[in-house]
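# Coordinates in review
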Amino acid sequence: MAEIERFRMTDRRAIDSLYRRVFGQDAADANRLRWEWQYARNPNNPDGTPLIWVAREGPTLVGQYATMPVRLRVGAREIDASWGMDVMVAPERQRRGLGEILFRNWDQHTGASLGLGLSESSYRLFQKLQWPDVGPLPCLVKPISRRALRRPRWPTPLNRLVGAATLPLVLVVSRPRPLLAEVQPIRHFDDRFTALWERVAPSFDFAVRRDAPYLNWKFIEPPHVRYSVVALVRDGRVDGYAVYRHLREPRGLVTLLIDLLADPADSNGVLTLLRWIDREARAADSDKIRTFAMHAGFRRLMRRSGYFTVKSTIEFTLKINAVEVAPAFYRETGRWHVTLGDSDQDR
Ligand SMILES: CC(C)(COP(=O)(O)OP(=O)(O)OC[C@H]1O[C@@H](n2cnc3c(N)ncnc32)[C@H](O)[C@@H]1OP(=O)(O)O)[C@@H](O)C(=O)NCCC(=O)NCCS
């Protein structure tokens, strides 16, 4: 019978080799690069140590549930919560109930257990445990070039034909529009961003607290990816920010809008940030912009800016423990702010 305990630094090596066995060599190398930042340097770590649970059988480590603690706004309250990530059970121990024990243990020790972008096996396990399922996280795409609508399985002539036929629409959608406020590239989130969070938080029924320490850790310090960040500034006051990066995919170049914050009622502010991203995407010669956004107000403004809703690949499931919520809470997600910048979705 396995015992579940908090992770100790001396477990690092055993976790590394278990990770390699479960997820493969490439994923293990990527995990090693991120690990220190992702788990040890999270400013929301309770008592300053990684919030990881391990399953031991005698001296052998047979499973882990690694989590990302965050402060979470739920209704008008703020609670401790954690994103679950990198859950694994040794291959020879799978399908014997150990995963379920790890999931339940995590859930018992957090104010809200949050899961984003799940594998088939963990999604099924969440379903089996009857966690509320609110996903998928809506995905929106804005075409920028005639290559935006290419499909890898279509023959080249068909891709060319579709590109030519849709070009007029793409040109209208992606035409340059004026910025309505000042946008400044930044390399550090200062206290003005914490003040922004405090001002706009009441617009959200559900959102991870985006204060300056969290934002610097999440978007400035990660070792595995480099983001561009811009602030929306009016008279010295920060009214919003956007985080993005460009990515080469097999089908072409994509600009990912990773995270965005502003008052959802500040249409000019949000549109200005979106227009800045348009310019950056064009300057990088991207074929399209892709983003994930849950808040109905942000999505409305994105559609107004030429984004289309497409099928999402990111499942979202969660359970609030620290405060009482009505079942309807999980259905009415229009004021929830969740993006690709949440959890560790952008790896
Ligand atoms: C996800 C994981 C930790 C679950 O651990 P486990 O010990 O196998 O899970 P349990 O035995 O407690 O629970 C089994 C339930 O999970 C689901 N499940 C687990 N593995 C599954 C699989 N390969 N396919 C479909 N469902 C699966 C089923 O609902 C299953 O219930 P059942 O056995 O009654 O059908 C484990 O499968 C694992 O390490 N997977 C590979 C890594 C991974 O995908 N991690 C998740 C990253 S988001």
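The structure we're discussing is the one just above.
When its volume is computed, the largest pocket comes out at roughly 890 Å³. As for the largest pocket, its lining consists of 35 residues, of which V87, F103, S119, S121 and S122 are closest to the centre. Of all the elements in the fold, those that place two or more residues in the lining of the largest pocket are α1 (12-23), β4 (77-89), α3 (98-108), β5 (112-116) and α4 (120-128). Split into classes, the residues belonging to the lining of the largest pocket amount to 15 nonpolar, 11 polar and nine charged. Counted as a void, the second largest pocket has a volume near 410 Å³. Lining of the second largest pocket is provided by 17 residues; of these, V141, R251, K288, R290 and V310 occupy positions nearest its centre.

Counted by the stated rule, this structure contains 23 aromatic pairs. Feature note: the residues W83, F206, F316, F329, Y330 and W336 constitute an aromatic cluster, connected by ring pairs. One residue, K319, lies across the ring of W131, its end atom 5.3 Å from the ring centre.

By nearness alone, 18 residues border the ligand, and R95, G97, G99, E100 and S119 come closest of all. Interatomic distance of 2.8 Å between a side-chain N/O atom of S119 and an oxygen atom of the ligand. In the environment of the ligand, an oxygen atom lies 3.3 Å from a nitrogen or oxygen atom belonging to the side chain of S121. In isolation the ligand exposes 910 Å². Once the protein is present, 76% of that is buried. Judged by the proximity of its atoms to the pocket grid, the ligand belongs to the largest pocket. Mapped onto the shell around the ligand, the elements with two or more residues apiece are α1, β4, α3 and α4. Here the element with the most residues in the shell around the ligand is α4; it accounts for five residues.

Let us now look at the nonpolar core. Counting residues in each nonpolar core, the largest one holds 111 residues, and the members touching the most others are L72, W83, F206, F316 and I320. Element by element, the count of residues in this core is highest for strand β3 (residues 60-74), at eight residues. With near-sequence residues (within four places) excluded, L72 lies in contact with R77, E78, I79, A81, A112, L114, F206, A207, V208 and I320.

Moving on, we come to the pairing of strand β6 (residues 139-143). Here β6 lies mainly inside the structure; five of its five residues are buried. Alternating positions in β6 separate into two faces, C139, V141 and P143 on one and L140 and K142 on the other, with burial throughout. With three bridges connecting them, β6 and strand β13 (residues 308-310) associate as antiparallel partners. Of the residues in β13, the one forming a bridge with C139 is V310.

What follows concerns a nonpolar patch on the surface. Taken together, the side chains of W154, L158 and L161 present a nonpolar region at the surface, about 280 Å² in accessible area. Along the chain, L161 turns up in helix α5 (residues 156-173).

Here we come to the environment of L169. By the element assignment, L169 lies in helix α5. The class of L169 is partly exposed, set by a relative accessible area of 46%. Between the alpha carbons of L169 and S312 there is a distance of 23 Å; along the sequence they are 143 residues apart.

To continue, consider the sheet that holds β6. The strand order across the open sheet formed by seven strands is β7-β9-β10-β11-β12-β6-β13, and the pairing between neighbours is mixed. Edge positions in the sheet fall to β7 (182-186) and β13, since each of these pairs with one other strand and no more. Looking at each pair of strands side by side, their axes are set apart by 30 degrees on average, direction ignored. In this structure, β6 lies alongside strand β12 (residues 288-292), joined through five bridges in antiparallel fashion. Counterpart to P143 in the pairing with β12 is K288.

The rules behind the values
- Residues numbered from 1 in each chain as written.
- Predicted model: local features only at pLDDT ≥ 70, side-chain atom pairs only at ≥ 80, totals over all residues.
- Heavy atoms only, no water.
- 1 Å grid on protein atoms, 1.4 Å probe; cavity = no way out; pocket = protein on both sides within 12 Å on 5 of 7 lines; lining within 4 Å.
- Points joined across faces, edges and corners; volume = space filled by probe spheres on them.
- Helix = DSSP H or I, 4+ residues; strand = E, 2+ residues; numbered from the N terminus.
- Nonpolar A, V, L, I, M, F, W, Y, C, P; charged D, E, K, R; others polar.
- Phe/Tyr/Trp six-rings, centres within 6.5 Å; stacked < 30°, edge-to-face > 60°.
- Lys NZ or Arg CZ within 6 Å of the ring centre and 35° of its normal.
- Near = heavy atom within 4 Å.
- Polar contact = N/O pair within 3.5 Å; in protein donor to acceptor, adjacent residues only side chain to side chain.
- Areas by Shrake-Rupley, 256 points an atom, 1.4 Å probe, with all protein chains shown as cover.
- Sits in = over half its atoms within 2 Å of the grid points.
- Core = buried A, V, L, I, M, F, W, Y, C linked by side-chain atoms within 4.5 Å.
- Buried < 20%, exposed > 50% of the residue type's maximum accessible area, 1.4 Å probe, protein only.
- Contact = heavy atoms within 4.5 Å.
- Pairing = 2+ DSSP bridges.
- Patch = residues over 30% accessible without salt bridge, like charges linked within 9 Å, V, L, I, M, F, W, Y side chains within 5 Å.
- Salt bridge = Lys/Arg side-chain N within 4 Å of Asp/Glu carboxyl O.
- Axes fitted to C-alpha atoms, helices over the stretch in contact; angles between N-to-C directions.

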